[in-house]
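Descriptive structure summary
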Amino acid sequence: MRVAIIGAGPSGLACALELQRLGIKPVIFERYHRVGHPVERVDMLLHLAWLPVKDQLDHLARKCGFYLHPLAPLRSIVMHSPGHQAVIRSPRLGYLLSRGRSPLSIENQMAAGLSSPVVFETIADPQDLAREFDWVVVATGDSKPARQLGLWQEYSNVVIKGALVLGQFDPHTFHMFWDTRYAGHSYGYLAPFDRGRASIHLCVGGIKPEEMDDYWELFLEAEKLHYHTIETYEQQFHCGRITRHQVGNILLVGNSGGFVSNLLGLGLFPGMISGVLAARAIAGNDDYERLVKPLTRRINELNELRSKLDKLDNHGLDRLVGILGMPGIKHLIYHSGLDIIPKIYTILSGFNKLTFRTPSAHPRHH
Ligand SMILES: Cc1cc2nc3c(=O)[nH]c(=O)nc-3n(C[C@H](O)[C@H](O)[C@H](O)COP(=O)(O)OP(=O)(O)OC[C@H]3O[C@@H](n4cnc5c(N)ncnc54)[C@H](O)[C@@H]3O)c2cc1C
């Protein structure tokens, strides 16, 4: 059986490794000259997001045979809103992982297990390959193939700016920043590689790329993120949903298949799982749509929560962060082991303190 995989990111590599395990050697096409995006960054795995899976790295090891090393366990999340700060501490919040060109990155750790060929510096087209191969797995990390196949429904277009910075950091702490003045409905965050390096990101929906620098400056100023910057980059990210994940012999996985939640852009774990499921569908002649249903259901739940949080203005964000920092609520969300994501908004609004106005980002009126 001839299988092509387009994209050597985490989702494409997860598919390739699972196919290898099942006795099929795919051919992988990658646009860059090596595995791993040219930019280095830190991604977070948040255990709460993909319950009933309690530990995503443990799950990937036990169920998929991927033994991946994090940079560090995530032990604390500091949430900043304009007038509040809440600190969540727990030994088991999740993990911080390296992404991109680093040899320690998740992509490069996975690529070490490859025995299948990778054709580098090749921009592959799904429909061309579909004529040549029995199966084509699309793992390009973008919405373009789904658009071309007429499967994409856009929610929003987010501009992202990231920076690699030097300073002093706690390697187990992730900082989240919410303020509608510089982020609109979105957010900023700081994630450490180690004690001396971190990546900082700002995501802003509904703006033009050329507007980003104003928002970025306001973000750094408002949050006092005055670090030595090594490099910066910008990219656009399309959030949306996909109506089907398979068209003929083409299967869409990872970001290309819409397996990323709008809530904090969490897509690493569901992306890899979708890659594994695509491999199992191909090798076992199984129904891919059926296999990915639990994942899409969960993504819809997270997206639903995100669309409700979008209604909060800065006053509402302050209240939200205040409530999330209350001991009883913290325990319920982070320590009880209960899957309260689908109910979290109802619980929070039970406090009857959240206000709902339409926020907009206005960097010049700060
Ligand atoms: C700034 C940022 C921060 C994020 N933070 C988190 C986080 O903290 N936690 C989390 O869970 N998720 C996070 N995500 C989402 C997560 O990174 C993605 O869901 C995950 O990378 C999806 O993996 P993928 O393999 O589907 O796509 P990608 O990682 O984008 O990989 C796609 C690969 O395909 C290649 N490619 C693209 N087009 C072609 C083509 N035509 N031909 C050949 N090769 C091609 C690319 O070069 C790349 O190697 C973040 C995303 C961004 C943008």
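In this text, all values refer to a predicted model and were calculated from it rather than measured experimentally.

A short note on the sheet that holds strand 9 (residues 173-177)
One open sheet holds the eight strands; their spatial order is 3-5-4-9-10-11-8-12, and the pairing between them is mixed. Among the strands making up the open sheet, the edge pair consists of strand 3 (41-46) and strand 12 (228-242). Neighbouring strand axes in the sheet, compared pairwise and without regard to direction, differ in orientation by 30 degrees on average. Pairing of strand 4 (residues 72-81) with strand 5 (residues 84-99) involves nine bridges; the strand directions are antiparallel. Residue pairing for strand 5: L74 is matched across the bridge by G94. With respect to the sheet, helix 10 (residues 314-324) is in contact with strand 4 and strand 5, its orientation differing from that of strand 5 by roughly 80 degrees.

Focus: the site of the ligand
Of all residues adjacent to the ligand, which total 31 residues, the nearest are S11, E30, R41, M44 and N255. Taking S11, its side chain carries an N or O atom lying 2.8 Å from an oxygen atom of the ligand. At 2.6 Å, a side-chain N or O of N255 approaches an oxygen atom of the ligand. Alone, the ligand offers 1000 Å² of accessible surface; in the complex the protein occludes 90% of this. Counting only elements with at least two residues in the shell around the ligand, the list comes to helix 1 (10-21), strand 3 and strand 12. Of the residues belonging to the shell around the ligand, the class tally is 14 nonpolar, 12 polar and five charged.

Regarding the UniProt feature "domain: FAD-binding" (unreviewed entry) in the protein
With numbering aligned to this structure, UniProt lists the feature "domain: FAD-binding" (unreviewed entry) at residues 2-33. For residues 2-33, the end-to-end C-alpha separation is 23 Å, with 38% helix and 22% strand making up the annotated structure.

Some points on the UniProt feature "coiled-coil region" (unreviewed entry) in the protein
UniProt tags residues 285-315 as "coiled-coil region" (unreviewed entry). Strand forms 0% of residues 285-315 and helix 77%; the C-alpha atoms that close the span are 52 Å apart.

Considerations on the sheet that holds strand 1 (residues 3-6)
Strand order in the open sheet formed by six strands is 6-2-1-7-14-13, with mixed pairing between adjacent strands. Every interior strand has two partners, whereas the edge strands, strand 6 (118-119) and strand 13 (246-247), have only one. Both strand 1 and strand 2 (residues 27-29) contribute to a ladder of three bridges, which runs parallel. Bridge pairing in strand 2 places I5 opposite I28.

Some details on the pattern of salt bridges
Scanning the model with the defined rule gives 17 salt bridges in all. Linking K161 and D213 is a salt bridge whose minimum nitrogen-to-oxygen distance equals 2.8 Å. One end of the pair, K161, is in strand 8 (residues 152-166); the other, D213, is in helix 7 (residues 212-222), and 52 residues separate them in sequence. Looking at D213, the relative accessible area reads 39%, which means it is partly exposed. Connected through salt bridges with shared partners, the residues E40, R101, R197 and E231 form a single ionic network.

What counts, and at which threshold
- Residues numbered from 1 in each chain as written.
- Predicted model: local features only at pLDDT ≥ 70, side-chain atom pairs only at ≥ 80, totals over all residues.
- Heavy atoms only, no water.
- Pairing = 2+ DSSP bridges.
- Helix = DSSP H or I, 4+ residues; strand = E, 2+ residues; numbered from the N terminus.
- Axes fitted to C-alpha atoms, helices over the stretch in contact; angles between N-to-C directions.
- Contact = heavy atoms within 4.5 Å.
- Near = heavy atom within 4 Å.
- Polar contact = N/O pair within 3.5 Å; in protein donor to acceptor, adjacent residues only side chain to side chain.
- Areas by Shrake-Rupley, 256 points an atom, 1.4 Å probe, with all protein chains shown as cover.
- Nonpolar A, V, L, I, M, F, W, Y, C, P; charged D, E, K, R; others polar.
- UniProt positions renumbered as here; feature names shortened; annotations may be inferred.
- Salt bridge = Lys/Arg side-chain N within 4 Å of Asp/Glu carboxyl O.
- Buried < 20%, exposed > 50% of the residue type's maximum accessible area, 1.4 Å probe, protein only.

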